[in-house]
Amino acid sequence: MTLVPLPELLGDAARGAYAVGYFEAWDSYSLDAVVEAAEEERAPVILGFGCLLVDQGWLEAGGIETFAALGRAAAERARVPAALLLNEARSVEHALRGLDAGFNAAMVHGASTEDVARLVAEARAHGAAVEAELGELPTGDDAARASLTHPEEAAAYVAETGVDCLAVSVGNVHVLEGRTAEIDLDRLEAIHRAVSTPLAIHGGTSFPAKLVPDAIARGVAKFNVGTALKRAFLAGLASAGLEGDPHGLLGSRGSADVLSVGAKRMRGVVQELIRLYGASGRG
């Protein structure tokens, strides 16, 4: 299946009262786990890779293009609708490299309004979409870094930049494990009333499961998840034995391959989240 535009996936989700998951991958094993989970659930999905926690020297030396090649190949063989996002690029230039290489959506972390508007204009020429974030999420327990999204500012920002998806800060937290975040549903409702653009929630690992339907009813069409997936993958690795034929244990793609064991554990988490977001059977 060819790549599907991100606005199409999010528009379908908004009309159908469900959300699409962006399940962040970091290699071919984790990417395959996301595709297989989405196919098993017959769900649309947003494939992609994040830049924020990846070595910048590696990205500069061709890592963005490597990610794009992996993602395009996976999306084109997927049996469900899929978009391909370069998430939290460090600069507009990195985002544009991603679009040139084959991503059909991009987001720049911490970009100015002017830079986002420039990226939107460039993305249109690629037939691609742009997500942006207004406000700032804290990381872990560092609540001091939080900057919440204001509804009036969100309306002005969307009008000025023309973004296709707006990630918001309403109490959600990046890389938070062991407890759930405190979500301000009233703020989310006010943002939804102020803008018609689909909303995204980053920090999906700690987003309270019981509030997912409430968030979807308030305009959220996309959840980002990363930490929970890496934690599941690592748990799979830890459960796998490391004694035996090195060729079977690493890179064989067989049942003894420790990376396949990690991917299998991760795939189960992705499937659970797809069901939570109401996306099963929508693809």
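Preceding block: the structure.
Once a new chain begins, its residue numbering starts again from 1 and follows that chain's sequence as written. This being a predicted model, a pLDDT of at least 70 is required before a residue's local features are given, and a value of 80 or more before pairs of side-chain atoms are given or counted; all residues contribute to the totals for chains, interfaces and linings. Hydrogens and water molecules were not included; the side-chain quantities draw on all heavy atoms of the structure.

Student: Whenever I open this one, the packing of helix 2 (residues 28-41) against helix 11 (residues 258-276) confuses me. Can you help?
Tutor: Helix-helix packing: each pair is described by the crossing angle between the helix axes and the interaxial distance. For every element, the axis is a line fit to its C-alpha atoms; helices are fit only across the contacting stretch, and the angle between N-to-C directions ranges from 0 to 180 degrees. Here a helix means four or more residues in a row that DSSP labels H or I, a strand means two or more in a row labelled E, and each is numbered from the N terminus. Packing of helix 2 against helix 11 brings their axes to within 8 Å, and their N-to-C directions diverge by 40 degrees. By the angle between their axes, helix 2 is oblique relative to helix 11. Crossing hand, helix 2 versus helix 11: right-handed. Between helix 2 and helix 11, the residues in contact are Y29, S30, A33, V34, E36, A37, A38, E40 and E41 and L259, S260, A263, M266, R267, V270, Q271, I274 and R275, respectively. Each residue is assigned to one class: nonpolar for Ala, Val, Leu, Ile, Met, Phe, Trp, Tyr, Cys and Pro, charged for Asp, Glu, Lys and Arg, and polar for all the others, Gly among them. Its residues placed into classes, the contact of helix 2 with helix 11 shows 10 nonpolar, 3 polar and 5 charged. Relative orientations are named as follows: roughly parallel for angles under 35 degrees, roughly antiparallel for angles over 145 degrees, roughly perpendicular for angles from 65 to 115 degrees, and oblique for any other angle. Each crossing gets its hand from how the near helix is turned against the far one by less than a right angle, where anticlockwise is left-handed and clockwise is right-handed. Should any heavy atoms of two residues lie within 4.5 Å, those residues are counted as being in contact.

Student: Even after reading the chapter, I still don't get unusual backbone geometry, so can you show me in this structure?
Tutor: Phi is mostly negative for residues that are not glycine, and the peptide bonds are mostly trans. Its identity is not glycine, yet R42 carries a phi of approximately 50 degrees, on the positive side. Relative to the helices and strands, R42 resides in the loop between helix 2 and strand 2 (45-50). For each residue, the accessible area found with a 1.4 Å probe, counting protein chains only, is set against the maximum for its type, and the residue is called buried under 20%, exposed over 50%, and partly exposed in between. Owing to a relative accessible area of 52%, R42 belongs among the exposed residues under this scheme.

Student: What exactly am I supposed to notice about the pairing of strand 3 (residues 82-89) here?
Tutor: For a regular strand, the rule is simple: side chains alternate between the two faces of the sheet. Counting buried positions along strand 3 gives 8 out of 8 residues, so the element sits mostly inside the fold. Here 6 bridges tie strand 2 to strand 3, and the two strands are oriented parallel to one another. Paired with V45 across the strands is A82, a residue of strand 3. Handedness rule for crossovers: strands pointing away from the viewer, path from the first strand over the helix to the second running clockwise, crossover right-handed. For the handedness criterion, the β-α-β arrangement of strand 2, helix 3 (residues 56-77) and strand 3 is classed as right-handed. Here, any two strands with at least 2 DSSP bridges between them count as paired. Bridge count for strand 3 against strand 4 (residues 105-108) is 3 bridges, and the pairing is parallel. Bridging from a neighbouring strand, L86 pairs with A106 of strand 4.

Student: Sorry if this is basic, but what is going on with the environment of M1 here?
Tutor: Along the chain, M1 turns up in the segment before helix 1 (6-16). Linking M1 and K222, residues 221 residues apart in sequence, is a C-alpha distance of 21 Å. Not counting chain neighbours up to four residues away, the residues in contact with M1 comprise A75, E76, R77, A78, R79, V80 and P81.

Student: Help me understand the packing of helix 4 (residues 92-101) against helix 5 (residues 113-126) in this model?
Tutor: It is at 10 Å that the axes of helix 4 and helix 5 come closest, and there the two elements cross at 10 degrees. On the basis of the axis angle, helix 4 is roughly parallel to helix 5. Residues V92, E93, A95, L96, L99 and D100 of helix 4 form the contact with helix 5, whose own contacting residues are D115, R118, L119, E122, A123 and H126.

Student: Help me understand the nonpolar core in this model?
Tutor: Soluble, globular proteins show a tendency: their nonpolar side chains are buried together. Core analysis: the largest hydrophobic core is formed by 94 residues, its most contacted members being F23, L47 and F223. Looking at this core element by element, the count peaks at 7 residues for helix 2. Filtering out sequence-adjacent residues up to four positions away, L47 remains in contact with Y22, L31, V34, V35, G71, A74, A75, A82, A83, L84 and L85. Put simply, buried Ala, Val, Leu, Ile, Met, Phe, Trp, Tyr and Cys residues joined by side-chain atoms within 4.5 Å make one nonpolar core.

Student: Teacher, can you tell me more about the packing of aromatic side chains here?
Tutor: One pair of aromatic rings is described through two measures. These are the centre distance and the angle between the planes. Stacked, edge-to-face and tilted labels apply to pairs of Phe, Tyr and Trp rings (six-membered ring for Trp) whose centres lie within 6.5 Å, assigned for plane angles under 30 degrees, over 60, and everything in between, in that order. Going through the model one piece at a time under the given rule, you end up with 6 aromatic pairs. Ring geometry for F223 versus Y277: centroids 4.5 Å apart, planes at 10 degrees, classification stacked. Of this pair, F223 sits in strand 8 (residues 220-225) while Y277 sits in the segment after helix 11, placing them 54 residues apart in sequence. With respect to burial, F223 and Y277 carry one shared label: buried. Look at NZ for Lys and CZ for Arg. If either is within 6 Å of the ring centre and within 35 degrees of the ring normal, a charge sits over the ring. Here the basic side chain of R253 rests over the ring of Y29, its NZ or CZ set 3.6 Å away from the ring centre.

Student: Is there a simple way to explain the environment of D184 in this structure?
Tutor: Relative to the helices and strands, D184 is located in the loop between strand 6 (165-168) and helix 7 (185-194). For D184, a relative accessible area of 29% translates into the label partly exposed. Between the C-alpha atom of D184 and that of H247, which follows or precedes it by 63 residues, the distance is 50 Å.

Student: Looking at this model, I keep getting lost on the pattern of salt bridges. Mind explaining?
Tutor: Two side chains that carry opposite charge are able to pair once their charged atoms sit near each other. Think of a salt bridge as a Lys or Arg side-chain nitrogen and an Asp or Glu carboxyl oxygen that are within 4 Å of each other. Inspection of every chain in the model, using the stated rule, returns 17 salt bridges. Across the pair R15 and D12 runs a salt bridge, and its minimum N-O distance is 2.7 Å. Here the residue R15 and the residue D12 both occupy positions in helix 1, the gap between them amounting to 3 residues, near one helical turn. Residue E65 pairs with R97 through a salt bridge whose shortest N-O separation is 2.9 Å. Highlighted residues: E65 in helix 3 and R97 in helix 4, separated in sequence by 32 residues. Salt bridges here are not isolated pairs; linked through shared partners, they connect E189, R193, D214 and R218.

Just geometry here; none of it tells us what the structure is for.
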